[in-house]
Amino acid sequence: MPELPEVEVVRRGLDEHVRGRVIESVTVTHSRSVRRHIAGAADLAARLTGLRVDAARRRGKYLWLTFDEPGSGPGGTALVVHLGMSGQMLVQPADAPLEKHAHIRADLDDGTQLRFVDQRTFGGWALAPLVEVDGAAVPEPVAHIARDPLDPRFDIEAAVAAVRGKRTEIKRVLLDQTVVSGIGNIYADEALWRTRIHGGRMAADLTRPVVRTLLAEVRAVMADALAAGGTSFDALYVNVNGQSGYFERSLAVYGRGDEPCTRCGAPIVREKFMNRSSYSCPRCQPAVAAERARRR
């Protein structure tokens, strides 16, 4: 699933290509892609037609478009885009060949189409009202999501306190979007490796300086990934022009099971975690039991 850097790459592309464009018509060809819009495909198409895109916005891994309409702040409307596992937002010439899994098409007034392409159909579009949270207008389904480390108004000290208040593993806390948003499996593993912390450590046992350093590394690794266009493990994550990201080449641990740690040379370990995989260096990031034994 795309994480913050990948979603930000898509957001920037959308903001560049569709800001100021008027939606002339919308075509939905797969009902699953609008299942979160309870009123259905016809209602979504009718309500979007004639709207001018004001901006593409994001909080954490959540993406939405706002429109130039009365009440564009709280009380206005947002098009919430769920990318899911394989969703793509592509801007194409209207006469370009249609992608096999293009389930929604919005014709824009400059002769281009905004296409939602989703092979696995886990994602989709839905209209939602904007509400005020933390002094910002966000779609109602996103109201519970915390600010992310790249947000200019991210309060790192408040985030440190929230992290240390959790009596569970630090990696589980990093993945909790209500504590700090935007972090997924890839960048959690990378930030933990950078700070030499095993993901199984209890969050409440970490000192404030350690958590502060960890969150700083989360921000740093995301910034590095963003500069590389995000992480693409397959053709399912691309930007609005269909181009892949290249941060995979810079990953230190994620997806590198049994390969040598670039810092100490020990083989990277893959462990099961929350129905997914965690990657860490057993020497640089000792597990809790090993760390306690070493201290005796």
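One structure accompanies this document, and this report is about it. (Residues numbered from 1 in each chain as written. Predicted model: local features only at pLDDT ≥ 70, side-chain atom pairs only at ≥ 80, totals over all residues. Heavy atoms only, no water.)

**Some details on the nonpolar core**
Filter applied, for reference: Grouping buried Ala, Val, Leu, Ile, Met, Phe, Trp, Tyr and Cys residues that are joined through side-chain atoms within 4.5 Å yields what is termed a nonpolar core. Burial here depends on accessible area, computed with a 1.4 Å probe over protein chains only, as a share of the maximum for the residue type. Under 20% is buried, over 50% is exposed, and the range in between is partly exposed. Here, residues are in contact when the closest pair of their heavy atoms is within 4.5 Å.
Residues Ile 170 and Leu 174 are the most contacted members of the largest nonpolar core, which totals 39 residues. Excluding its chain neighbours within four sequence positions, the residues that come into contact with Leu 174 are Val 180, Ile 183, Ala 188, Leu 192, Leu 214 and Leu 215. Ranked by size, the runner-up nonpolar core spans 28 residues in total, among them Ala 45, Leu 63, Val 91 and Leu 108.

**Observations concerning the packing of aromatic side chains**
Definition in use: Stacked, edge-to-face and tilted are the three classes for Phe, Tyr and Trp ring pairs, Trp counted by its six-membered ring, which pair at centre distances within 6.5 Å; planes under 30 degrees apart are stacked, over 60 edge-to-face, the rest tilted. Here a strand is any run of E in DSSP of at least two residues, a helix any run of H or I of at least four, and the numbering for each starts at the N terminus. Comment: the charge-over-ring label is applied if NZ (Lys) or CZ (Arg) is within 6 Å of the ring centre and within 35 degrees of the ring normal.
All chains considered together, the criterion is met by 2 aromatic pairs. Relative to Trp 125, the ring of Phe 116 has its centre 6.4 Å away and its plane inclined at 55°; by these criteria the two rings are tilted. We note that Phe 116, like Trp 125, is buried. Centroid distance Tyr 254 to Tyr 279: 5.2 Å. Interplanar angle 70°. Geometry classified as edge-to-face. Highlighted residues: Tyr 254 in the loop between α6 (208–227) and β10 (269–273) and Tyr 279 in strand β11 (residues 276–280), separated in sequence by 25 residues. In this structure Tyr 279 comes out as buried when scored by relative accessible area, which is 12%. Over the ring of Trp 193 we find Arg 263; its NZ or CZ atom is 3.8 Å from the centre of that ring.

**Some details on the pairing of strand β6 (residues 102–108)**
What counts is decided by this rule: The pairing criterion is simple: DSSP has to find at least two bridges between the two strands.
The buried fraction of β6 amounts to 7 of the 7 residues, a majority that puts the element mostly inside the structure. Bridge count for strand β1 (residues 23–28) against β6 is 5 bridges, and the pairing is antiparallel. The partner of Thr 27 across the bridge, within β6, is Arg 105. The antiparallel hairpin formed by β6 and strand β7 (residues 112–118) contains 3 residues in its connecting segment, where Gly 111 sits at a positive phi of about 90°.

**Points about the pattern of salt bridges**
To be explicit about the condition: Only one rule defines a salt bridge in this text: a Lys or Arg side-chain nitrogen within 4 Å of an Asp or Glu carboxyl oxygen.
Per the stated rule, a full pass over the model turns up 20 salt bridges. A salt bridge links Arg 19 to Asp 15; the shortest N-O distance between them is 2.9 Å. The class of Arg 19 is partly exposed, set by a relative accessible area of 43%. Of the residues examined, Asp 15 reaches a relative accessible area of 17% and is grouped as buried. With its nearest N and O atoms 2.9 Å apart, the salt bridge here joins Arg 212 to Glu 157. Here the residue Arg 212 occupies a position in helix α6, and Glu 157 occupies one in helix α3 (residues 156–164), the gap between them amounting to 55 residues.

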